[in-house]
Amino acid sequence: MAIRTILNESDEQLHKICRPVTEFGERLWQQLDDMAETMEQANGVGLAAPQVGILRRFFVMDVGDGLVEAINPMIIAKKGTQEGTEGCLSSPGKWGIVERPKKVILKAQDRYGKEFTLSAEDLAARCICHESDHLDGILFTQKASSMLEPDDR
Ligand code: NI
């Protein structure tokens, strides 16, 4: 495994729409392993492929319930709303208030291409929405109703 460089929000790769994953093999597994290690080292709860310069539709997350690898993810249901503070490893030092669904159902493939669904709420739902947005080139700063001053959080 290896630590990958996390791109800053100003990098144009973070503003592009990513393509689906079509090959489920060693190359993808290496990328997933590297991303999990990179996320952990950066104390993040989620990391999307474009944040490390891979313009493909997948992300990793760990909000404390174990590692989730979501390939070609789709949010197939949303319920309720939650408002909360959000940040991003690509926007160091920035925090903002973002409204997200309270609950989501995620449909995705695992690293072997097998489909699964995951029901998530609260932080996990927020993270799934945030990481899914990255795959469409959308950053939380574009969705925040307000940004916090560095000392506010
Ligand atoms: Ni992010």
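About the thresholds
Residues numbered from 1 in each chain as written. Predicted model: local features only at pLDDT ≥ 70, side-chain atom pairs only at ≥ 80, totals over all residues. Heavy atoms only, no water. Donors = N, O, S within 2.8 Å, 3.2 Å for Na, K, Ca; no water. Helix = DSSP H or I, 4+ residues; strand = E, 2+ residues; numbered from the N terminus. Buried < 20%, exposed > 50% of the residue type's maximum accessible area, 1.4 Å probe, protein only. 1 Å grid on protein atoms, 1.4 Å probe; cavity = no way out; pocket = protein on both sides within 12 Å on 5 of 7 lines; lining within 4 Å. Points joined across faces, edges and corners; volume = space filled by probe spheres on them. Nonpolar A, V, L, I, M, F, W, Y, C, P; charged D, E, K, R; others polar. Pairing = 2+ DSSP bridges. Contact = heavy atoms within 4.5 Å. Axes fitted to C-alpha atoms, helices over the stretch in contact; angles between N-to-C directions.

Enquirer: Residues and numbers for the coordination of the nickel ion, please.
Expert: Distances from the nickel ion to its protein donors, C88 (SG), H130 (NE2) and H134 (NE2), fall at 2.0 to 2.2 Å. Counting the intervening residues between successive donors of the nickel ion yields the motif C-x41-H-x3-H. Placement of the pair is C88 in the loop between strand 4 (82-86) and strand 5 (96-100) and H130 in helix 2 (residues 122-134), with a sequence separation of 42 residues. Neither residue differs from the other here; C88 and H130 are each classed as buried.

Enquirer: Tell me about the layout of surface pockets, and name the residues and values.
Expert: To locate leftover empty space, one rolls a probe as large as a water molecule over the atoms. Its volume calculated, the largest pocket comes out at about 380 Å³. If you list the elements that add at least two residues to the lining of the largest pocket, you get strand 4 and helix 2. No other element matches the six residues that helix 2 contributes to the lining of the largest pocket. Taken together, the residues of the lining of the largest pocket sort by class into eight nonpolar, ten polar and four charged. Looking at the second largest pocket, its volume works out to about 240 Å³. Considering the residues around the second largest pocket, the lining is formed by 13 residues, among which V21, E23, R27, Q31 and R56 are closest to the centre. Per element, the largest residue contribution to the lining of the second largest pocket is four residues, and it comes from helix 1 (residues 26-41). Here the lining of the second largest pocket is built from residues that sort into five nonpolar, three polar and five charged.

Enquirer: Any chance you could break down the sheet that holds strand 5 for me, citing the residues and the numbers?
Expert: Ordered in space as 4-5-8, the three strands form an open sheet in which the pairing is antiparallel. Here the strands that pair on one side only, and so sit at the sheet edges, are strand 4 and strand 8 (146-147). Across two bridges, the pairing between strand 5 and strand 8 is antiparallel. Across the sheet, residue G96 finds its bridge partner in strand 8, namely M147. Contacts from helix 2 reach strand 4 and strand 5, with the element oriented near 65 degrees to strand 4.

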